[in-house]
Amino acid sequence: MVACRHLRWGPGVESVVTWLHEAANADWTATGLLDWLRDSENQLRPATLWSVSQVGSEAGTGAALEIAREFAAFCLLAATMLEFFVDTREPQFWKEAVESDAPSEIDRLVNARQDFSIDVKLAWKGIEEFREKYEDLSETPKFPELVPEGVGPRLSGLAMGMLDRLSTGSHDR
């Protein structure tokens, strides 16, 4: 939310800030975070629509959506760690993970955390691959592309252009 304060304000940025504010009130358990992530694309749809509009592109909507994607990926990492490390595992599981000469699957999670510095989608993919290795982890939410589905740039630009004129009061009479 602090990072969004530095962006040029607009309706898309406001949508992201509202979404982040709701995250502060979310159930910060593995299940709660995963459910919140599954609903995030619907929550952020207004911001994605604003991102393709002239007002949204002049405002910081694109940057706000990037912040949202990074935060969503961090939430997936947090949910994964809660789900994986909090569940009771047999001591033999941990012993095998430490004593093996081969890289541990846990290393994949560490690498995914490091991938945040390269690319958020790469980090998400690493976390997703880690989660797929363990049957006791719930299904991974899909990566939040945060792009309107089935809307081409021309149609969305037209719709947002009309919405921009209506919302700024500069429409033709």
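## Notes on the packing of helix α2 (residues 11-24) against helix α5 (residues 61-86)
Here is step 1: Direction vectors running N to C along α2 and α5 enclose 20 degrees, while the axes themselves pass 8 Å from each other. It follows that α2 is roughly parallel to α5 by the angle criterion. The crossing of α2 and α5 is left-handed. Judged by residue contacts, G12, V13, V16, W19, L20 and A23 of α2 engage T61, A64, L65, A68, F71 and A72 from α5.

## Observations concerning the packing of aromatic side chains
Each aromatic ring pair is characterised by the separation of its centres together with the angle its planes make.
Here is step 1: Counted under the stated rule, the structure contains nine aromatic pairs.
Here is step 2: With a centroid separation of 6.4 Å and an interplanar angle of 70 degrees, the aromatic rings of W28 and F71 are classed as edge-to-face. In this pair, W28 sits in the loop between α2 and α3 (30-51) while F71 sits in helix α5, placing the two residues 43 residues apart along the sequence.
Here is step 3: Take F71: its relative accessible area is 23%, and that puts it in the partly exposed class.
Here is step 4: By way of ring pairs, the aromatic residues W19, W28, W36 and F71 are connected into one cluster.

## A word on the packing of helix α7 (residues 105-115) against helix α8 (residues 120-132)
The geometry of a pair of packed helices is captured by two quantities: the angle between their axes and the separation between those axes.
Here is step 1: In contact at an axis separation of 8 Å, α7 and α8 are set at 165 degrees when each is read in the N-to-C sense. In terms of axis orientation, α7 runs roughly antiparallel to α8. For the pair α7 and α8, the crossing hand works out as left-handed. Across from E105, I106, R108, L109, A112 and D115 in α7, the residues of α8 making contact are L122, A123, G126, I127, E129 and F130.
Here is step 2: Tallied by class, the residues present in the contact of α7 with α8 amount to seven nonpolar, one polar and four charged.

Reading the values: rules and limits
Residues numbered from 1 in each chain as written. Predicted model: local features only at pLDDT ≥ 70, side-chain atom pairs only at ≥ 80, totals over all residues. Heavy atoms only, no water. Axes fitted to C-alpha atoms, helices over the stretch in contact; angles between N-to-C directions. Helix = DSSP H or I, 4+ residues; strand = E, 2+ residues; numbered from the N terminus. Parallel < 35°, antiparallel > 145°, perpendicular 65-115°, else oblique. Left-handed = near helix turned anticlockwise from the far one by under 90°. Contact = heavy atoms within 4.5 Å. Phe/Tyr/Trp six-rings, centres within 6.5 Å; stacked < 30°, edge-to-face > 60°. Buried < 20%, exposed > 50% of the residue type's maximum accessible area, 1.4 Å probe, protein only. Nonpolar A, V, L, I, M, F, W, Y, C, P; charged D, E, K, R; others polar.

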